[in-house]
Amino acid sequence: MNHNVHQLHHISHKKSRLIIGLMSGTSLDGLDIALCKIYGEGVGSKVSLMAFETIPYTASHKQMIQSVFSKDTISLQQLCLVNEKLGQLHADMINAFLKHRNILSKKIDLIASHGQTVYHAPKRFHQQQMFGNGTLQIGDADQIAARTGIITLSDFRQKHIAAGGEGAPLAAYGDFLLFGHSKKHIVLLNIGGISNATFIPPGGKWRKVVSTDIGPGNNLMDQWMQAHFPGKKFDQNGKIARKGTVHKGLLQALTRHPFFKIKFPKTTGPEWFNLSFIKKAQKESQTEKISHAAVMATLNLFTAQTIAQAIQKIVSKHTSFDLLISGGGSENTLLIENLQLMLPKVAVQTTARKNIHPGAKEAILFALLANEQIAGTKKTFDKAP
């Protein structure tokens with residue numbers, strides 16, 4: 001038997017596995033690295049976060065990714081080169097992460113690499129009859145495996161599309177494994193570049209779980225900050241937004257985007273929500289000359305409003321539920337305050353309440369997906385209530 005196949009067979013039969021989950025979102029902040037110890041598989045899985053770190057991208061790394069990120073026209077040569085380079089970069093980051101903690105690579109069973117999404121094209125977006133859903137993540141997993149010496153699993157979104165999905169969001173199964181035993185209705189809200197949510201009813205009713213993208217998360221605010229405040233990657237604690245006044249005309253123009261009329265579940269990305277989207281809304285509302293602070297105040301409220309309205313639709317008749325937030329948006333205090341104002345009967349908290357690091361949750365979810373890919377069975381999945 002081939003050595004690697006034999007190794008996979010051995011890993012699949014272990015009682016617990018050490019898996020590194022990787023996540024790099026549309027905010028392009030850096031690489032989230034979560035070292036997880038996962039016991040068992042399926043609905044009996046248990047996860048222990050052993051170590052977590054976000055290693056930021058340098059300005060040159062971010063510029064490299066942006067050269068092929070969410071654009072209709074790019075250089076195919078550049079795409080090929082960035083794909084390989086990003087895989088090497090992620091591998092080097094993993095090696096540094098392990099070295100800093102004195103962990104030998106041979107102790108790690110698997111790496112679960114999400115990759116870097118550079119374009120997401122669900123059919124509802126491109127509307128071309130001869131094509132189905134599409135998505136593309138770069139960061140060559142073979143480079144990661146070769147440079148770290150650790151078996152690396154990837155292409156999770158492509159697998160989702162092959163199975164009939166849209167490639168996003170992928171949080172449902174991991175959220176269910178982590179939080180599916182709650183005695184109350186629970187909503188897991190992740191606010192990254194794009195916001196998404198998973199609704200789980202009490203009693204672990206898998207077939208009643210709803211997982212969907214919501215719309216903008218941090219990306220509109222981040223892009224405006226980066227365009228108009230050199231050196232600022234984001235609006236820390238909503239400091240700039242707090243100085244401005246929400247412009248109702250601009251807010252109304254933003255909310256007229258056709259995405260918000262599509263029924264849940266649905267997916268989206270920065271292909272729809274970007275600086276061009278903001279500028280178009282400004283033109284429609286004749287607000288091109290309002291202050292940057294006013295734009296930021298409006299974008300902050302708009303983001304909170306779309307999230308709150310989506311959650312209210314997802315939970316439907318259920319008036320009592322727990323809301324647990326993860327992702328970079330959980331650190332924007334003004335965004336959380338606005339969200340709390342719109343959901344006055346709900347205690348807005350982070351996943352830390354359930355002992356899950358808010359910044360690490362997405363990377364943990366991919367570690368769980370890798371664990372299922374190696375150790376899970378369809379029979380186990382079908383047994384979920």
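Residues numbered from 1 in each chain as written. Predicted model: local features only at pLDDT ≥ 70, side-chain atom pairs only at ≥ 80, totals over all residues. Heavy atoms only, no water.

This brings us to helix α14 (residues 361–375). Think of an α-helix as 3.6 residues a turn; residues three or four steps apart then line up on the same face. Taking 1.5 Å of rise per residue, the 15 residues of α14 would be expected to cover 21 Å, and the 21 Å separating its terminal C-alpha atoms lies within 8% of that figure. In terms of residue burial, α14 counts as a mostly covered element, since 14 of its 15 residues are buried. (Helix = DSSP H or I, 4+ residues; strand = E, 2+ residues; numbered from the N terminus. Expected span 1.5 Å × (residues − 1). Buried < 20%, exposed > 50% of the residue type's maximum accessible area, 1.4 Å probe, protein only.)

Taken in spatial order, the 5 strands line up as β9-β8-β7-β10-β11 in an open sheet, and their pairing is mixed. Each having just a single partner strand, β9 (210–216) and β11 (348–350) make up the two edges of the open sheet. Across the sheet, the mean angle separating the axes of adjacent strands is 25° when strand polarity is ignored. Across 6 bridges, strand β7 (residues 185–191) lies against strand β10 (residues 321–326) in parallel orientation. Each residue of the ladder has a partner; that of H185, found in β10, is F321. Against the sheet, helix α7 (residues 171–179) makes contact with β7, β8 (194–200), β9 and β10, and its axis sits at roughly 50° relative to β8, the strand it touches most. (Pairing = 2+ DSSP bridges. Axes fitted to C-alpha atoms, helices over the stretch in contact; angles between N-to-C directions. Contact = heavy atoms within 4.5 Å.)

Scanning the entire structure with this criterion turns up 11 aromatic pairs. With a centroid separation of 5.0 Å and an interplanar angle of 65°, the aromatic rings of F176 and W206 are classed as edge-to-face. Of this pair, F176 sits in helix α7 while W206 sits in the loop between β8 and β9; the two residues are 30 residues apart in sequence, bridging distant segments of the chain. For the pair F259 and F260, a centre-to-centre distance of 5.7 Å together with 75° between the ring planes defines the contact as edge-to-face. Taken together, the ring pairs in this structure connect F125, F259, F260, W272, F273, F277 and F302 into an aromatic cluster. Lying over the aromatic face of F156, K159 brings its terminal NZ or CZ to 6.0 Å of the ring centre. The aromatic ring of F264 is capped on one face by K266, whose charged end is 4.6 Å from the ring centroid. (Phe/Tyr/Trp six-rings, centres within 6.5 Å; stacked < 30°, edge-to-face > 60°. Lys NZ or Arg CZ within 6 Å of the ring centre and 35° of its normal.)

Once that is clear, we can look at the packing of helix α3 (residues 76–100) against helix α5 (residues 141–148). Where α3 contacts α5, the axes come no closer than 7 Å and their chain directions differ by 35°. When you trace α3 past α5, the crossing you get is right-handed. Along the contact surface, α3 presents E84, G87, Q88, H90, A91, D92, I94 and N95, while α5 presents Q143, I144, R147 and T148. Residues belonging to the contact of α3 with α5 are distributed by class as follows: 3 nonpolar, 6 polar and 3 charged. (Left-handed = near helix turned anticlockwise from the far one by under 90°. Nonpolar A, V, L, I, M, F, W, Y, C, P; charged D, E, K, R; others polar.)

Any residue range with low pLDDT should be treated as having predicted coordinates unsuitable for detailed reading. Summary statistics for the protein chain give a mean pLDDT of 92 and a share of 97% for residues scoring 70 or more. A low-confidence stretch, residues 380–385 stays under pLDDT 50, and its non-local contacts, those more than four residues away or across chains, total 16 contacts. (pLDDT = per-residue confidence, 0-100.)

Before going further, it helps to spend a moment on the pattern of salt bridges. Tallying each qualifying case throughout the model produces 9 salt bridges. E166 serves as the salt-bridge partner of R124, at 2.9 Å between the closest nitrogen and oxygen. Placement of the pair is R124 in helix α4 (residues 123–126) and E166 in the loop between α6 (156–162) and α7, with a sequence separation of 42 residues. The buried category is assigned to E166, whose relative accessible area is 15%. Through salt bridges with shared partners, a single ionic network connects D175, K361 and E362. (Salt bridge = Lys/Arg side-chain N within 4 Å of Asp/Glu carboxyl O.)

Taken together, the buried positions of helix α10 (residues 248–255) are L250, L251, A253 and L254. The arc that holds every buried residue of α10, seen down its axis, measures 165°, which confines them to one face. Contacts made by the buried residues of α10 are with α11 (275–285) and α12 (292–315). (Arc of directions from axis to C-beta.)

A negative phi holds for most residues other than glycine; trans holds for most peptide bonds. Of note, the bond from A168 into P169 is cis; its omega dihedral lies within 30 degrees of zero at -15°. Structurally, the position occupied by P169 is in the loop between α6 and α7. Of the consecutive residues F264 and P265, the connecting peptide bond is found in the cis state with omega at -5°. Among the secondary structure elements, P265 is positioned in the loop between α10 and α11. Phi is positive for D155, which is not a glycine, with a value near 60°. Take D155: its relative accessible area is 38%, and that puts it in the partly exposed class.

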